[in-house]
Amino acid sequence: MPIYIVLLGPPGAGKGTQAKVLAAEFGLPHISSGDIFRENIRTGTDMGKVAQTFISKGELVPDDVTIAMIQERFSRPDCVAGAILDGFPRTPAQADALDAMLKHFGGRVNLVPFITAPTEVLIERLAGRWTCRAAGHIFHERFNPPQKTGVCDIDGSELYQRDDDKAETVMHRIEVYREQTAPLIDYYKNRGILAEINGFAPIGDVSAHLMEVLKRQAEEE
Ligand code: ADP
Ligand code: ADP
């Protein structure tokens, strides 16, 4: 049976950081909608041009564009065994579309770790986030610094600060999360697959908690 895990939580909660740990641990692809959008912006595709106008304002990219993009990603063979989804779904319409896509693989959303942290912590994290140009590896200038300033430890590429991580855009992204994405908490809670994870703890502790919850879930299934 394939395993699909959806990481839910506000910007800065640690979804990307933890998704990479889980993907490596379970040998599953890490599917980050934000990373795919940024790659399309970098290479100048038509979809990237549309996405850019929303991302730069801290708005969500419209559902039809986002769903089509994820559908394309799911058409690749590496997704049949499962995936760690980071940043998708972000609206109830996207969650419904995901169910339909997974049904096609004979799968379903198995678990939704909901990672949270206080708003002031989210702001501090995003203000100090450094992202790697080549593969989206994530660092923090204080909480998870690279060995060499400005250089990715993993692939040696340049680290940059995302344009949408500036303070005024971050505040808006958090509001957008509350209005459009937070309804997914009850959506998945009602299905009995939501697992609350305290994201305001050291990175390794959050990973350990996640692994424990995932192992317990696997035993129950
Ligand atoms: P998200 O994908 O939810 O927006 P990230 O994983 O990109 O979050 O993390 C946001 C920033 O916070 C990054 O700079 C990351 O290094 C840092 N970070 C992630 N998890 C923690 C943690 N548990 N403690 C401190 N800093 C963290
Ligand atoms: P973060 O890691 O801080 O949560 P992401 O990298 O996931 O941010 O997303 C960056 C931006 O890309 C979002 O603010 C939004 O504009 C767009 N985006 C990413 N995923 C989605 C989605 N599922 N639906 C709509 N827009 C999205």
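Scroll up for the structure.
Numbers given for residues are sequential positions, taken from 1 along each chain in its written order. To read the labels, note that chains go from A and ligands from 1, taken in the order they are written. The model is predicted, so local features are restricted to residues of pLDDT at least 70 and side-chain atom pairs to those at 80 or more, both for listing and for counting; the totals for chains, interfaces and linings are taken over all residues. As a rule here, side-chain values come from all non-hydrogen atoms in the structure, and water together with hydrogens is ignored.

J.: I tried to follow the side chain of S157 on my own but got confused; where do I start?
T.: Within the secondary structure, S157 sits in the loop between β6 (138–140) and β7 (159–160). A polar atom in the side chain of S157 sits 3.3 Å from the backbone nitrogen of A134. For S157, the residues in contact, after removing those within four places along its chain, are C132, R133, A134, G150, V151 and C152. Every helix listed is a DSSP run of H or I at least four residues long, and every strand listed is a run of E at least two residues long, numbered separately from the N terminus. For the purposes of these results, a polar contact is taken to be a pair of N or O atoms within 3.5 Å, where, inside protein, one atom must be able to donate a hydrogen and its partner to accept one; residues adjacent in sequence count only when each atom of the pair is a side-chain atom. Whether two residues are in contact is decided by their heavy atoms, any of which lying within 4.5 Å being enough.

J.: Can you walk me through helix α9 (residues 203–220) in this structure?
T.: Since there are 3.6 residues in each turn of an α-helix, residues three or four apart along the chain are aligned in direction. What a helix should span is 1.5 Å times the count of its residues minus one. An ideal rise of 1.5 Å per residue puts 26 Å on 18 residues; α9 measures up with 26 Å between its terminal C-alpha atoms. Buried residues along α9 sit in contact with β1 (3–7), α1 (15–26), β4 (109–116) and β8 (194–198).

J.: Is there a simple way to explain the site of ligand 1 in this structure?
T.: We define proximity as follows: a residue is near a molecule or strand when any one of its heavy atoms falls within 4 Å of that partner. Among the 19 residues in the neighbourhood of ligand 1, the closest are listed as G12, T17, R129, F139 and A201. One of the side-chain nitrogen or oxygen atoms of K15 is found 2.8 Å away from an oxygen atom of ligand 1. Here F139 contributes a backbone N or O atom positioned 2.7 Å from an oxygen atom of ligand 1. Relative to its free-state accessible area of 560 Å², ligand 1 is covered by the protein chains to the extent of 94%. Secondary-structure elements contributing two or more residues to the shell around ligand 1 are α1 and β6. In this classification, the charged set is Asp, Glu, Lys and Arg, the nonpolar set is Ala, Val, Leu, Ile, Met, Phe, Trp, Tyr, Cys and Pro, and all remaining amino acids, among them Gly, are polar. For the shell around ligand 1, the per-class residue count stands at nine nonpolar, seven polar and three charged. The method behind every accessible area is Shrake-Rupley, applied with a 1.4 Å probe, and residues are considered shielded solely by the protein chains displayed.

J.: How should I be thinking about the nonpolar core in this particular structure?
T.: Soluble, globular proteins show a tendency: their nonpolar side chains are buried together. We define the nonpolar core as a collection of buried residues of types Ala, Val, Leu, Ile, Met, Phe, Trp, Tyr and Cys that are connected through side-chain atoms lying within 4.5 Å of one another. Buried means the residue's accessible area, taken with a 1.4 Å probe over protein chains only, is under 20% of the maximum for its type, while exposed means over 50%, and partly exposed covers the values in between. In terms of nonpolar packing, the biggest core is built from 31 residues, with F74, L98, V109, V112 and Y188 touching the most fellow members. Of all the elements in the fold, those that place two or more residues in this core are β1, α3 (46–55), α4 (63–74), β3 (82–86), α5 (92–104), β4 and α8 (183–189). Once residues within four sequence positions are removed from consideration, Y188 is found in contact with P89, A95, L98, V109, V112, I193 and L194. Core analysis: the next-biggest nonpolar cluster, separate from the first, contains 23 residues, A13, L126, I174 and L214 among them.

J.: What's the story with the packing of α4 against α5 in this structure? I'm lost.
T.: Any two packed helices are characterised by how steeply their axes cross, that is the angle between the axes, and by the distance between the axes. Note on geometry: axes are C-alpha line fits, over the in-contact stretch for helices, and angles between N-to-C directions span 0 to 180 degrees. Running from N to C, α4 and α5 point in directions that differ by 25°, and their axes come no closer than 10 Å. It follows from the interaxial angle that α4 and α5 lie roughly parallel. As for how α4 packs across α5, the hand of that crossing is right-handed. Residues D63, T66, I67, I70, Q71 and F74 of α4 form the contact with α5, whose participating residues are A93, Q94, A97, L98, M101 and L102. For the contact of α4 with α5, a count of residues per class yields eight nonpolar, three polar and one charged. Reported orientations rely on four angle classes, namely roughly parallel under 35 degrees, roughly antiparallel over 145, roughly perpendicular from 65 to 115, and oblique for the rest. Here a crossing is taken to be left-handed if its near helix is turned anticlockwise relative to the far helix by less than a right angle, and right-handed if that turn runs clockwise.

Remember that the coordinates give geometry; whether it matters functionally is a separate question.
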